[in-house]
Structures are given as structure tokens and as C-alpha cells.
Amino acid sequence: MSECSLERFFPEQCERLGIQASNIGRLHARRHYERYRKVAFLLKPHISSEDVVGDIGCGSGYGTMLLNAALYGNVRDLWGFDVDRDAIEYARIKYDASVFSTSLPCSPSIAVMVESIEHMKPEDFDRYTEKSRLICLTTPLILEPTNPVHITPYRTDGEIAKFLNRRGWAFITAMKDYNIEFTTGERGDQFYGVLRRG
């Protein structure tokens, strides 16, 4: 199971795997769903019927299924990928098993990264987005980060922009939810961005 239970959201119990539903309260649970709804809203004007959407770092799969429902019929394919085998097994049991994988099926034309870029090494980010034309991401912006599982914590939107611009990505749109409390107890802003190769 994942090292830090606050980093994985399991909407329901899965007795078969011995996974309990996340006990994070209604507000935090609602925020998990809201992030994916906002991502779908931000993506819709930029997608085509030829796009393959990859939910990179999909965790337990609830968000991948929200994206699938929101983008159904508008993209060629949509799948979820995560390196956490327990999370992927949970997603396969609870949702459509064919949609989830612990190995990257392909480099998607649109890479979705909801609360996952801060968990990646730069070389992994580059590999996951190698052939992508768009990225849609969310990440917490926390001035004094304390979360030990974030490989690259971002403090400001300038930091995330610098990281992405260096890799050839340019913003189409960006927005923030201000001064929220994350499940880890940290406070900061929730950043959203859609980027194209630029």
C-alpha cells in the first residue's frame, strides 16, 4: 500500500484488497472530485476526436472515470496509469479493468496530471509527456512545504512555470483556488494549468 495514506484517495472500501475508504472528511473528498471536474472543463475546448488522454498518476481511478464520463465521445481513448500496484488493482476491481495500467501504455497526446507532478522526477515527467501535445495539471502551491513524499514541492506559480517552460511548454490557461487546506494539513493555493508545446 502507498507510503502515505493522505496521498491516496480511496472513495470506497475494497474488502478483497483490504483497503479501507479514505477517512478525510467530506470537504477534502469533494475537493478530490472537483479537481477532476475542473480539469475536464479546462480541457474540453482543446481536445479532438484523435486525442489519447492519459491520466498520469491516476491513483485509485475515480478521477480517470470522471474524465472518461466528461470526455466520452470527444477523444479516441482515455486510460489511467500509476506506479502504485495496490491503487491500480483497486481501480481495476472498482471500475473498468481495461482502462488502468502500472506500465505506461503509450505517450498520450494529452497528459493529465492531477496532484502528481510534485511526485515526479524531471526525467519521469519528460518520459511521460514525450509525445504529448497538451498537458493539463494541478499541483499544490505551498510556501512552507512539509510533505515528505513530494519529490519536487512547488511554492509559487512562477516555480511551476519555470519548470515547464524549460521543457518547452507554454501556458494556454492557468487558474488557482486560493488559501485552501490540503489533506496533509498544509495550507496553500491549488494551481491548475493547460499547456501546449511551445
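This text goes with the structure placed above it.
My aim in this report is to walk through the structure given alongside it, one point at a time. The residue numbering used here restarts from 1 in each chain and proceeds along that chain's sequence as written. Where local features are concerned, this predicted model is filtered to residues with pLDDT of at least 70; where side-chain atom pairs are given and counted, the filter is 80 or more; whole-chain, interface and lining totals use all residues. Note: side-chain values were computed over all heavy atoms of the structure, leaving out hydrogens and water.

What to know about the side chain of Ser116
Filter applied, for reference: We count a stretch as a helix when DSSP gives it H or I for four or more residues in a row; a strand needs E for two or more, and each element gets its number in order from the N terminus. By definition in these notes, contact holds between two residues if any of their heavy atoms fall within 4.5 Å.
With respect to the secondary-structure elements, Ser116 resides in the loop between strand 4 (110-114) and helix 4 (122-128). Excluding residues that lie within four positions of it along the chain, Ser116 makes contacts with Ile56, Gly57 and Thr138.

What to know about the packing of aromatic side chains
Note the following rule: Ring pairs are drawn from Phe, Tyr and Trp, using the six-membered ring of Trp, whenever the two centres fall within 6.5 Å, and their geometry is named by plane angle: stacked under 30 degrees, edge-to-face over 60, tilted for the rest. The buried label goes to any residue with under 20% of its type's maximum accessible area, the exposed label to any with over 50%, and the partly exposed label to all in between, with areas taken from a 1.4 Å probe on protein chains only.
Evaluated as defined, the whole model comprises 10 aromatic pairs. Both rings, one in Phe9 and one in Tyr62, keep their centres 5.1 Å apart while their planes meet at 90°; by these two values the pair is edge-to-face. Of this pair, Phe9 sits in the segment before helix 1 (25-43) while Tyr62 sits in helix 2 (residues 62-71), and the two are 53 residues apart along the sequence. Taken as a pair, Phe9 and Tyr62 share a single burial class, namely buried. Ring centres 5.9 Å apart and planes at 90° place the aromatic pair Phe171 and Phe191 in the edge-to-face group. Here Phe171 is found in strand 6 (residues 169-181), whereas its partner Phe191 is found in strand 7 (residues 187-197), with 20 residues between them in sequence. On the accessibility criterion, Phe171 (27% relative accessible area) is partly exposed. Through a chain of ring-to-ring contacts, the aromatic side chains of Phe9, Tyr33, Tyr36 and Tyr62 assemble into a single cluster.

Details of the sheet that holds strand 1 (residues 52-56)
The cut-off we apply is this: By the convention used here, strands pair only if DSSP detects at least 2 bridges between them. Axis geometry follows a simple rule: fit a line to the C-alpha atoms, using only the stretch in contact for helices, then measure angles between N-to-C directions, giving values from 0 to 180 degrees.
As summarised here, the arrangement of the seven strands in space is 3-2-1-4-5-7-6, forming an open sheet in which the pairing is mixed. For this open sheet the edge positions go to strand 3 (100-101) and strand 6, each flanked by a neighbour on one side alone. Of the strands in this sheet, strand 1, strand 4, strand 5 (134-141), strand 6 and strand 7 touch helix 1, which is tilted by about 160° from strand 6. Those strands touched by helix 5 (residues 157-166) are strand 5, strand 6 and strand 7, and its axis lies near 155° from that of strand 6.

Some words on helix 3 (residues 85-94)
Rule in force here: The reported arc concerns the directions from the helix axis to the C-beta atoms and nothing else. Distance and chemistry together define a polar contact, namely a pair of N or O atoms within 3.5 Å, with one atom able to donate a hydrogen and the other to accept it when in protein, and with adjacent residues in sequence counting only for side-chain atoms on both sides.
Residues of helix 3 that are buried: Ala87, Ile88, Tyr90 and Ala91. Seen from one end, helix 3 has its buried residues packed into an arc of 155°, which puts them on one side. Buried residues along helix 3 sit in contact with strand 2 (77-81) and strand 3. One side-chain oxygen at the N-terminal end of helix 3 lies 3.0 Å from the backbone nitrogen of Asp86; it belongs to Asp84.

Overview of the pairing of strand 7
Counting buried positions along strand 7 gives eight out of 11 residues, so the element sits mostly inside the fold. Two elements, strand 6 and strand 7, share 10 bridges in a ladder whose sense is antiparallel. For Ala174, the partnering residue across the bridge sits in strand 7 and is Gly193. Hairpin connection, strand 6 to strand 7: the antiparallel pair is bridged by five residues, and Gly185 has positive phi, about 90°.

Regarding the nonpolar core
Using the following cut-off: To form a nonpolar core, buried Ala, Val, Leu, Ile, Met, Phe, Trp, Tyr and Cys residues must be joined to one another through side-chain atoms within 4.5 Å.
Judged by nonpolar contacts, the single largest core of 22 residues is most densely connected at Val39, Leu43, Val53, Leu67, Leu71, Ile110 and Val112. Broken down by secondary-structure element, the contributors of at least two residues to this core are helix 1, helix 2, strand 4, strand 5 and strand 7. Not counting chain neighbours up to four residues away, the residues in contact with Val39 comprise Leu67, Val112, Val114, Cys136 and Thr138. The next biggest cluster of nonpolar side chains, apart from the first, holds 20 residues, and it includes Ile56, Trp79, Leu141 and Phe191.

Here's the deal with the environment of Asp82
Here Asp82 is to be found in the loop between strand 2 and helix 3. Judged by its relative accessible area of 4%, Asp82 is buried. Here the alpha-carbon distance between Asp82 and Tyr33, two residues 49 residues apart in the chain, equals 18 Å. Those residues in contact with Asp82 that sit more than four places away from it in its chain are Arg8, Gly57, Cys58, Gly59, Ile88, Ser101 and Thr102. A polar contact of 2.8 Å, which involves the side chain of Asp82, links it to the backbone nitrogen of Gly59. Polar side-chain contacts of Asp82 include one of 2.9 Å to the backbone nitrogen of Asp84.

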